[in-house]
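# Inside the fold
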Amino acid sequence: MYLSTRGASVRNLATAIINGAITLILLLIAPLGLATVISNTFLVTVASFFVGTFADMIVNWLTFADARKNKFTPFQSTRELKLQKPKLSAIERHKS
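What counts and how
- Residues numbered from 1 in each chain as written.
- Predicted model: local features only at pLDDT ≥ 70, side-chain atom pairs only at ≥ 80, totals over all residues.
- Heavy atoms only, no water.
- Helix = DSSP H or I, 4+ residues; strand = E, 2+ residues; numbered from the N terminus.
- Buried < 20%, exposed > 50% of the residue type's maximum accessible area, 1.4 Å probe, protein only.
- Contact = heavy atoms within 4.5 Å.
- Areas by Shrake-Rupley, 256 points an atom, 1.4 Å probe, with all protein chains shown as cover.
- Expected span 1.5 Å × (residues − 1).
- Salt bridge = Lys/Arg side-chain N within 4 Å of Asp/Glu carboxyl O.
- Phe/Tyr/Trp six-rings, centres within 6.5 Å; stacked < 30°, edge-to-face > 60°.
- Patch = residues over 30% accessible without salt bridge, like charges linked within 9 Å, V, L, I, M, F, W, Y side chains within 5 Å.

For the protein chain, the helix and strand inventory stands at four helices and zero strands. Mapped in sequence order, the helices and strands of the protein chain form the string α-α-α-α. The buried share of the protein chain, taken over its 96 residues, is 11%. Counting contacts in the protein chain only where the partners sit at least 6 residues apart, residues at least 24 apart contribute 53% of the total. Carbon and sulfur atoms make up 70% of the accessible area of the protein chain, which amounts to about 8300 Å² in all.

By secondary structure assignment, the location of threonine 5 is in helix H1 (residues 5-29). Residues threonine 5 and aspartate 56 lie 51 residues apart in sequence; the distance between their C-alpha atoms is 9.5 Å.

Let's shift gears to H1. Taking 1.5 Å of rise per residue, 25 residues should cover 36 Å, and H1 covers 36 Å from first to last C-alpha, within 8% of that figure. Within the sequence span of H1, burial applies to Ala8, Asn12, Ala16, Gly20, Thr23 and Leu27.

Throughout the structure, instances matching the rule amount to one salt bridge. Across the salt bridge formed by arginine 11 and aspartate 56, the nearest N and O atoms sit 2.5 Å from each other. Taken together, the residues arginine 11 in helix H1 and aspartate 56 in helix H2 (residues 34-70) connect sequence positions 45 residues apart. Residue class for arginine 11 comes out partly exposed when judged on its relative accessible area of 33%.

Okay, the packing of aromatic side chains next. Under the defined criterion, the tally for this structure stands at one aromatic pair. When the centroid spacing of 5.5 Å and the interplanar angle of 75° are considered together, the rings of phenylalanine 49 and phenylalanine 50 count as edge-to-face.

Together, Ile18, Ile22, Ile25, Leu26 and Ile29 line one region of the surface with nonpolar side chains, adding up to about 530 Å² of accessible area. Within the secondary structure, isoleucine 18 sits in helix H1.

A separate point is the side chain of asparagine 12. Within the secondary structure layout, asparagine 12 lies in helix H1. Here asparagine 12 falls in the buried class, since its relative accessible area comes to 6%. Beyond its immediate chain neighbours, meaning those up to four positions away, asparagine 12 contacts Phe49, Gly52, Thr53 and Asp56.

Here's what the structure looks like:
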């Protein structure tokens, strides 16, 4: 699945907000001060966003490293790959 930068940011933001809401609900049940609850919720939300963004960067790096190694771009269809003629080596060209 390929996402644009904007799509990945929206997904990471949604994940961070959901994680923050769950954390807020759990911390409001615990007997803690309000400042502690708010600061922990904020930290979990920010950390979730940055961990998601960092994970996207790692996946992107690994995907493009694999594409460079195999010389396959994600925009090529399997039909295009099947239709490509195999490249002949110098010896096979000389025999023809």
